[in-house]
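Coordinate inspection notes
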Amino acid sequence: PVVFVTAALHGDEINGAGAVRQLIQDDDFKLLRGSVVLIPVLNILAFDRHSRYLPDRRDLNRCFPGSARGSLASRMAHTIFDEIVSRCDYGIDLHTAAVRRTNYPTVRGDMKNEEVRRLAEDFGSEIIINGRGPKGAFRREACAAGCPTIIMEGGEVWKVEPLIVETAVRGIRNVLRGLKMLEGEIDKPEYQVL
């Protein structure tokens, strides 16, 4: 399998970038099979501005699957879809709460999709929020294109929080173990609420 792990789709949500960075720097991160595409900053224009939005104030996470022509956001979404989603079998997209909010670590996905359900349950979050996501959202459109995708939400904007990074890294490893891409057993929580 080929799995993408993306972070900073919103440029101010950088906990995921910390998690991807940790995986990249881990010398013990050795796959048994398949490939993992690790992208610490998906939206470099928003990241550079420390903003949720692109310079034109569009939310990239409402512009998928995009088009080759049109707004900057639409073209970026199209390139991401063409270069990443179309080449992968599964996806994990890492997010945090919006400004002035903090999210308890949760996983979100369309639980009607059996592959998404498996990814969400394997991730190991205590709370799973069922839903397809808004129209034009990365995970919703990736699923519609045949690439089952979940998101993890956790923590606050503008910071890398060690406990959120640890939760994300454990969840990513759990998903890869569930797909038989990493050795070891899935680290299951004591409870899981949908």
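Placed above this text is the structure.
Now for a look at the structure at hand. None of the values given here were measured: they were computed from a predicted structure.

**Looking at helix H6 (residues 162-178)**
Given a rise of 1.5 Å per residue, 17 residues ought to cover 24 Å, and the 24 Å separating the end C-alpha atoms of H6 matches this to within 8%. Counting buried positions along H6 gives 13 out of 17 residues, so the element sits mostly inside the fold. Of the residues trailing H6, Lys-180 is marked for its positive phi of about 60°.

**Let's talk about the packing of helix H1 (residues 15-25) against H6**
Any two packed helices are characterised by how steeply their axes cross, that is the angle between the axes, and by the distance between the axes. At a minimum axis distance of 8 Å, the contact between H1 and H6 shows a crossing angle of 55°. Here H1 lies oblique to H6, going by the angle between them. Once H1 is placed against H6, the crossing between them reads as right-handed. Between H1 and H6, the contacting residues are Asn-15, Gly-18, Ala-19, Gln-22 and Leu-23 on the first element and Ile-164, Val-165, Ala-168, Val-169, Ile-172 and Arg-173 on the second. For the contact of H1 with H6, the residue count by class is seven nonpolar, three polar and one charged.

**Some points on the layout of surface pockets**
The volume enclosed by the largest pocket comes to roughly 270 Å³. Taken together, 18 residues form the lining of the largest pocket, with Arg-52, Arg-62, Arg-108, Ile-151 and Glu-153 sitting closest to its centre. Elements with a minimum of two residues in the lining of the largest pocket: strand S4 (103-109), helix H5 (138-144) and strand S6 (149-155). Put simply, the second largest pocket is a space of about 190 Å³. Taken together, Tyr-104, Pro-105, Phe-123, Gly-124, Ser-125, Glu-126, Thr-167, Arg-170, Gly-171, Asp-187, Lys-188 and Pro-189 make up the full set of residues lining the second largest pocket. Counting residues per element, the ones that place at least two in the lining of the second largest pocket are S4 and H6.

**Things to note about the environment of Arg-117**
Here Arg-117 lies in helix H4 (residues 114-123). On the basis of relative accessibility, which here comes to 26%, the residue Arg-117 falls in the partly exposed class. Along the chain, Arg-117 and Ile-150 lie 33 residues apart, while their C-alpha atoms are 8.8 Å from each other. Every residue in contact with Arg-117, bar those within four places of it in the chain, is listed here: Met-111 and Leu-194.

**Side note on the environment of Met-181**
For Met-181, the position within the fold is in the segment after H6. Note on Met-181: relative accessible area 0%, which makes it buried. For the pair Met-181 and Gly-34, spaced 147 residues apart in sequence, the C-alpha separation works out to 6.4 Å. With residues near it in sequence (within four places) discarded, Met-181 still touches Pro-1, Val-3, Lys-30, Leu-31, Leu-32, Arg-33, Gly-34, Ser-35, Val-36 and Leu-176.

**Here's the deal with the pattern of salt bridges**
One pass over the structure, following the stated rule, counts 10 salt bridges. For Arg-170, the salt bridge goes to Glu-166, with nearest N and O atoms at 3.8 Å. One end of the pair, Arg-170, and the other, Glu-166, are both in helix H6, four residues apart, so they sit about a helical turn from each other. Residue Glu-166 is classed as partly exposed on the basis of its relative accessible area, which comes to 45%. Across the pair Asp-187 and Arg-170 runs a salt bridge, and its minimum N-O distance is 3.8 Å. Placement of the pair is Asp-187 in the segment after H6 and Arg-170 in helix H6, with a sequence separation of 17 residues.

The rules behind these values
Residues numbered from 1 in each chain as written. Predicted model: local features only at pLDDT ≥ 70, side-chain atom pairs only at ≥ 80, totals over all residues. Heavy atoms only, no water. Helix = DSSP H or I, 4+ residues; strand = E, 2+ residues; numbered from the N terminus. Expected span 1.5 Å × (residues − 1). Buried < 20%, exposed > 50% of the residue type's maximum accessible area, 1.4 Å probe, protein only. Axes fitted to C-alpha atoms, helices over the stretch in contact; angles between N-to-C directions. Parallel < 35°, antiparallel > 145°, perpendicular 65-115°, else oblique. Left-handed = near helix turned anticlockwise from the far one by under 90°. Contact = heavy atoms within 4.5 Å. Nonpolar A, V, L, I, M, F, W, Y, C, P; charged D, E, K, R; others polar. 1 Å grid on protein atoms, 1.4 Å probe; cavity = no way out; pocket = protein on both sides within 12 Å on 5 of 7 lines; lining within 4 Å. Points joined across faces, edges and corners; volume = space filled by probe spheres on them. Salt bridge = Lys/Arg side-chain N within 4 Å of Asp/Glu carboxyl O.

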